[in-house]
Structures are given as C-alpha cells and as structure tokens.
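# Structural features, examined
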Amino acid sequence: MSEQVRAARDVDGLRSTLNTLSEHRQTHPPVARWESRYRYAVITADVLTVVLVVIAVGVVTSMRHTAFGPLSLALLDILTVVVVVGSLAINRVWTSTVLGQGAEEFRRLGRGLFGAVVALGLGALAVDIPGARLWIFVVVPAIALVAFPMRYLLRRPLHRGRSEGRFLLSVLAAGNLDTVEDLIHRTKRVAHLGWRVDAICTIDGRGRSGTDVDGVPVVGQLRELAEHVRRGGYRIVAVTPDAYWTPRRLQQLAWALEGSGAEMVVSPGLMEVAGPRLHMSAVLGMPLLRVSEPALSGFRRLVKEVVDRVGALVLLVALAPLMFTVAAFVMIDSRGPVFYRQRRVGKTGVPFTIIKFRTMVTNADALRARLASVDEGNGVLFKMKKDPRITKVGTFLRRYSIDELPQLFNVLAGSMSLVGPRPPLPEETAKYSSDVRRRLLVKPGLTGLWQVSGRSDLSWEESIRLDLRYVEDWSLALDLVIMWKTFRAVFGGQGAY
C-alpha cells in the first residue's frame, strides 16, 4: 500500500511540476556570454583558416600549373571553401558540448576534414580538371596543419580561466551521496573541463552533514529536481546512479527539462568506458548502449604501427645532434656507459630491453636495497624526490625526460609505441591482479596518459586507472592529443624525478 501511495505522490508531483513549467517554458536563463563568444571565435578561426589556406595554396598552384585560369581557379577556390566548411558543419565540429574539452573535438574536426577530402576527390575525378586532384590533396592537409593548432591555442585561455574559477558551467547533481560526492571530486580535479557542482538533490533532501555534501548545498529531493533546475538556472543536470532512477522517471525528467536550457547528462555507472567504443542503438523499440571490444587489432592498429615507426625514425634523425650532445655530457659527468639497459615487460607480457640515457651511478641497482626504508613511491614503484644515486646531469635529463629519448630505438624496433601505458618492471607485473594485467594488452609507450596527467606525482591507483582507460578507449585522436600535451608536460618538468 505504501508503494502505491508513494507512486501516486510522484505522479501528482510530476503533474504539478509540468503544469508550472509549461507556464514558464521561455523563462530559462540565456546561454552565458562567454560560451557564445568562444563558439563564434572557434567558427571564425576555422572559416578564416579554410579561406586563407585555400587562397594561398591556390595562388601557388596557379603559378605551377598553367592549366588553371583566373576564372577556373576562383571557382575551384569557392567550391573548396563551401565543401570544407559544409563538411565541418555536417560533422558538428562547432557543437558547444564538445568545444574546449577532450579528444572528441579534435576527432570531429578530423572527420570533417577527411569527409571534405573524399567529397572533393570524387568531384575532381568526375569533372577531370587538370591538376585539381593534386591541389585538393594538398589544400586539405594544409588546412589541418593550421586548424588543429589553432583549436589548441583557443583552448589555452579557456582552460586557464577555468582553473581560476571562471568560464564554468553550473551543475545540479542528482543521485546517491557516494556517486554525487565522486562527481564533485572529479570536477574539482579536472577543472579545465568546465563543470562546477553548485547544488545537489538526493533521495531525502539531506547530505552527509545534513545540509551539504563536501561543501555543496543540498537543495531538495530527487522528485523535485525539475523544479529546482528551473528555479536555479543550472546549465547541466548530472544524474548519477541511485535506486530512485527508474527508466520511467528518467524519461519523465527529460520531458520536464525540455525548454529549460539545461542539458541532462546521465551516468550509467556500469563501467568506465567512453569514446568510440560506446554506441547507442534501438532494438525492438528499446534504447540499448552497445559496448564494442577495444580496438586492439585491425586497420587502425596498422595505422598506429606505421605512425610509430615513421614517427620514431623522423624524431631520431631530427634529434640526433641533441642525443650526441647528451651522450657527451653523460660521459663527462660520471664514469660508466652512456646508455642504461633494463628489462621491462611489453605487450602480452613479452619481456624486452629498454634503452635510456644513464642518469644514475653505475651501481644504482645495488644501492636501491639500502634506500628501501626511505621509499616515497606508491607501494609498487620505488620513487625518491631526492635520490642520491642520480648524477648532476641525470637530474636535468630526468626533469625534462631527455633520458627517455633512446627509447625511440625501441619504438623503431617494434617493442614499444610512441603512446601507450608505462613499460612496467617484471617485479611490478608479478604483483598485478587480473584486471591490472589488461594494461599489457597494448604496447607500452614512450608517453601516455600517466605522463600528461602528473607523472610521478600520481598515486599507483590513479596511474593504473589512466593506463586502463587508455586501453579501453584507445583511438588515433587520443594518441594525437596525448602527444601534443606531452610537450607541455615535459617542458614544464612537473612530476618528474
């Protein structure tokens, strides 16, 4: 009987809320001015990039190909701009929900440019303009070389402002205390994503201390959620797991939030899988969330192998003068070999020998046992911020990760990748549980999520979580983002010792 009374009360409450909200459907707060400005800045930068690159490449091409007359070149320029901009729009590269956060923004930009290449290439084959195909396959890559860095540069002031408490989206979190508190901690830890939890709704309208959760006020109960969203003007409604949330109640909440200006975000709370592995589909009238297997083989992995080998070769050639200089300083600073070789565990548990510039005294491994009592690591990895075994040159090399450069030979040989989990020691893998061993499903990397997220400052659990996230959600776009961020992490020297 009590369950029927509760259900009737929920229905009455929902009916009352819907009636009230229908009268105020147009009263939700407008999009923040900074959001509109940032979106217009991105659109303007992309369109200007396309136009300027097309004009520049077109002028150069006309000088080399006399077949292009002024009229035909102008028409080709206009057609290219229209197709490229149209492809970007079709791939929704300017959607506010992806601008300024994660790899999805760059993934969509890449898809848009690739779609433009396909469309223009097919058009060139059909029309058969002399020299047009060569021009097309030059102009779009040139656009990419400018557009991707431009997007990153636009992100920098946005992320800097968010770290200072500006440019944040107001979030109302609704769920049980544990999942809501976890969301609060995550938004504070990664402020650059732009979420700030300003209020909470729980099943009984109470927090851990009665009125708040981790300093965030509890404003009401879950059944009153839509009313509080309208009243508070929140931009995001983050629904976290709770027994209260049935499919019917979530559907009713989505209806109630229509026209409020708030985006409803639902955390399934089932597994930490995201990115290209998740697919929504309807089967027998039911919305289903499909989770595909990690992309550990196939064409994309072949592309990754090619990028690894070619990239390693190019970097070795470009960095050869620096590496010879470093080798000389290592020899002058202390007696011993230039390189340090150590057994590590690679893909599927196959051991290999890693190569690094020597940064410690020659008997460093023997001295490690004496320093066990002052280990500042995380229980599995040995770490010391002021390790007495490190040489003077070694301190500098470690700070900027220059000692890692010889691992490019490992990448070239195929035992490592440019991006991947940190290569573990055999004694570390001996302590792995079955779930942690999943990090061995891919090749270890010269850089990875662990390096661009804190390096040695991370706890063991956090570094493992990042490695497993990489294995689960791997994509070429994620690799590009990690490599881009690596330069900033290395030159900053944060978390390296």
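Residues numbered from 1 in each chain as written. Predicted model: local features only at pLDDT ≥ 70, side-chain atom pairs only at ≥ 80, totals over all residues. Heavy atoms only, no water.

The condition is simple: UniProt positions are given in the numbering used here, feature names are shortened, and annotations may be inferred rather than shown by experiment.
In the annotation of an unreviewed UniProt entry, the chain is listed under the name Exopolysaccharide biosynthesis polyprenyl glycosylphosphotransferase and assigned to Lentzea albidocapillata. Here is the UniProt Sequence similarities (unreviewed entry) comment for the chain, exactly as written: "Belongs to the bacterial sugar transferase family." Its UniProt record gives the chain a comment under Subcellular location (unreviewed entry), which states: "Membrane".

### Points about the overall build of the chain
Inclusion rule: Here a strand is any run of E in DSSP of at least two residues, a helix any run of H or I of at least four, and the numbering for each starts at the N terminus. Throughout this description, buried means an accessible area under 20% of the type-specific maximum (1.4 Å probe, protein chains only), exposed means over 50%, and partly exposed covers the range between. Should any heavy atoms of two residues lie within 4.5 Å, those residues are counted as being in contact.
Across its full length, the chain holds 16 helices and 12 strands. Looking at the chain residue by residue over its 497 residues, the buried ones come to 43%. Expressed as a percentage of contacts within the chain between residues at least 6 apart in sequence, the contacts between residues at least 24 apart total 69%.

### Topic: the nonpolar core
Generally speaking, a soluble globular protein has its nonpolar side chains buried in company with each other. Just so we agree on the cut-off: Throughout this description, the term nonpolar core refers to a set of buried Ala, Val, Leu, Ile, Met, Phe, Trp, Tyr and Cys residues connected via side-chain atoms within 4.5 Å.
By size, the foremost hydrophobic cluster in this structure holds 29 residues, and its most contacted members are F357, L397, Y470 and I482. Elements with a contribution of two residues or more to this core: α9 (299–333), β10 (351–357), α11 (392–399), α12 (407–413), β11 (417–419), α14 (449–452), α15 (460–473) and α16 (476–492). Top element by residues in this core is α9. It accounts for 6 residues. Counting 27 residues, the second largest nonpolar core, distinct from the first, contains V54, A124, W135 and V140.

### Notes on the pattern of salt bridges
Applicable threshold: Any Lys or Arg side-chain nitrogen located within 4 Å of an Asp or Glu carboxyl oxygen qualifies as a salt bridge.
Under the defined criterion, the tally for this structure stands at 19 salt bridges. D46 serves as the salt-bridge partner of R151, at 2.6 Å between the closest nitrogen and oxygen. Placement of the pair is R151 in helix α5 (residues 132–163) and D46 in helix α2 (residues 33–64), with a sequence separation of 105 residues. For R151, a relative accessible area of 0% puts it in the buried group. For E105, the salt bridge goes to R151, with nearest N and O atoms at 2.8 Å. Of the two residues, E105 is situated in helix α4 (residues 104–127) and R151 in helix α5; the sequence distance between them amounts to 46 residues. Here the salt bridges share partners, and the residues they tie into one network are D46, E105, R151 and R155.

### Re the packing of aromatic side chains
Under the convention used in this document: Each pair of aromatic rings taken from Phe, Tyr and Trp, with Trp reduced to its six-membered ring, is defined by centres within 6.5 Å and is described as stacked if the planes are under 30 degrees apart, edge-to-face if over 60, and tilted in the remaining cases.
Scanning all chains against the criterion turns up 6 aromatic pairs. Ring centres of W34 and F167 lie 5.6 Å apart, and the angle between their planes is 50 degrees; this geometry places the pair in the tilted category. Separated by 133 residues along the polypeptide, W34 in helix α2 and F167 in the loop between α5 and β1 (169–174) bring together distant segments of the chain. Judged by its relative accessible area of 27%, F167 is partly exposed.

### Observations concerning unusual backbone geometry
Non-glycine residue R92 carries a positive phi angle of around 55 degrees. Tracing the backbone through its elements, the reader meets R92 in the loop between α3 (70–90) and α4. Residue class for R92 comes out exposed when judged on its relative accessible area of 52%. With a phi angle near 60 degrees, F167 is a residue other than glycine that sits in the positive phi range.

### With respect to the packing of α9 against α11
Inclusion rule: Comment: axis = line fitted to C-alpha atoms, over the contacting stretch for helices; angle = value between 0 and 180 degrees taken between N-to-C directions. Under the scheme applied here, ten amino acids are nonpolar (Ala, Val, Leu, Ile, Met, Phe, Trp, Tyr, Cys and Pro), four are charged (Asp, Glu, Lys and Arg), and all others, including Gly, are polar.
Relative orientation of the contacting elements α9 and α11 amounts to 145 degrees, with a least axis distance of 8 Å. Between α9 and α11, the contacting residues are V326, F329, V330 and D333 on the first element and K392, V393 and L397 on the second. Residues of the contact of α9 with α11, tallied by class, amount to 5 nonpolar, no polar and 2 charged.

### Examining a nonpolar patch on the surface
Put simply, the rule is: Like charges within 9 Å and nonpolar side chains (Val, Leu, Ile, Met, Phe, Trp, Tyr) within 5 Å are joined into patches, using only residues over 30% in relative accessible area that form no salt bridge. In this description, accessible areas are obtained by the Shrake-Rupley approach with a 1.4 Å probe, and a residue is regarded as covered only by the protein chains that are shown.
On the surface, a cluster of nonpolar side chains totalling about 510 Å² of accessible area is made up of F299, L302, V306, V310 and V314. Topologically, V310 is positioned in helix α9.

### Describing the UniProt feature "transmembrane region" (unreviewed entry) in the chain
This chain's UniProt record puts "transmembrane region" (unreviewed entry) on residues 40–61, 67–89, 109–127, 133–154 and 310–332. Between the first and last C-alpha atoms of residues 109–127 the distance is 27 Å; the span itself is 100% helix and 0% strand. For the annotated span residues 310–332, helix accounts for 100% and strand for 0% of the residues, and the straight-line distance between the end C-alpha atoms is 32 Å.

### Considering the confidence of the model for the chain
The test is simple: The quantity called pLDDT is the predictor's confidence in a given residue, expressed from 0 to 100.
Across the chain, the average pLDDT comes to 80, with 77% of residues at 70 or higher. No element of the chain has a lower mean pLDDT than helix α1 (residues 2–23), which averages 48, and none a higher one than α12, which averages 95.

### Some thoughts on helix α7 (residues 225–232)
Among the residues making up α7, those that are buried are L225, A226, H228, V229 and R230. A positive phi of about 70 degrees marks G233, the residue just after α7.

### Digging into helix α8 (residues 247–256)
Let me state the cut-off plainly: Within this analysis, the arc is defined by the directions that extend from the helix axis to the C-beta atoms.
Listed in full, the buried residues belonging to α8 are Q252, L253 and A256. In an axial view of α8, the angular spread of the buried residues amounts to 105 degrees, which keeps them on one side of the axis.

### Some details on the environment of H185
Summarising the element assignment, H185 is placed in helix α6 (residues 177–189). Taking the relative accessible area as the measure of exposure, H185 reaches 36% and is therefore partly exposed. Sequence spacing of H185 and D214 is 29 residues, and the spatial spacing of their C-alpha atoms is 8.7 Å.

### A few points about the pairing of β1
To be explicit about the condition: One requirement defines pairing of two strands: DSSP has to find at least two bridges between them. The definition of a right-handed crossover adopted here requires that, viewed with the strands pointing away, the path from the first strand over the helix to the second runs clockwise.
A large share of β1 lies buried, amounting to 6 of its 6 residues. Burial along β1 is two-sided: L169, V171 and A173 and S170, L172 and A174, pointing in opposite directions, are all buried. In this sheet, strand β2 (residues 195–202) lies alongside β1 in parallel orientation, the contact comprising 6 bridges. The partner of A173 across the bridge, within β2, is I200. Considered for its hand, the β-α-β crossover made up of β1, α6 and β2 is right-handed. Note: β1 against strand β5 (residues 236–239), 4 bridges, orientation parallel. Pairing of A173 across the sheet is with A238, part of β5.

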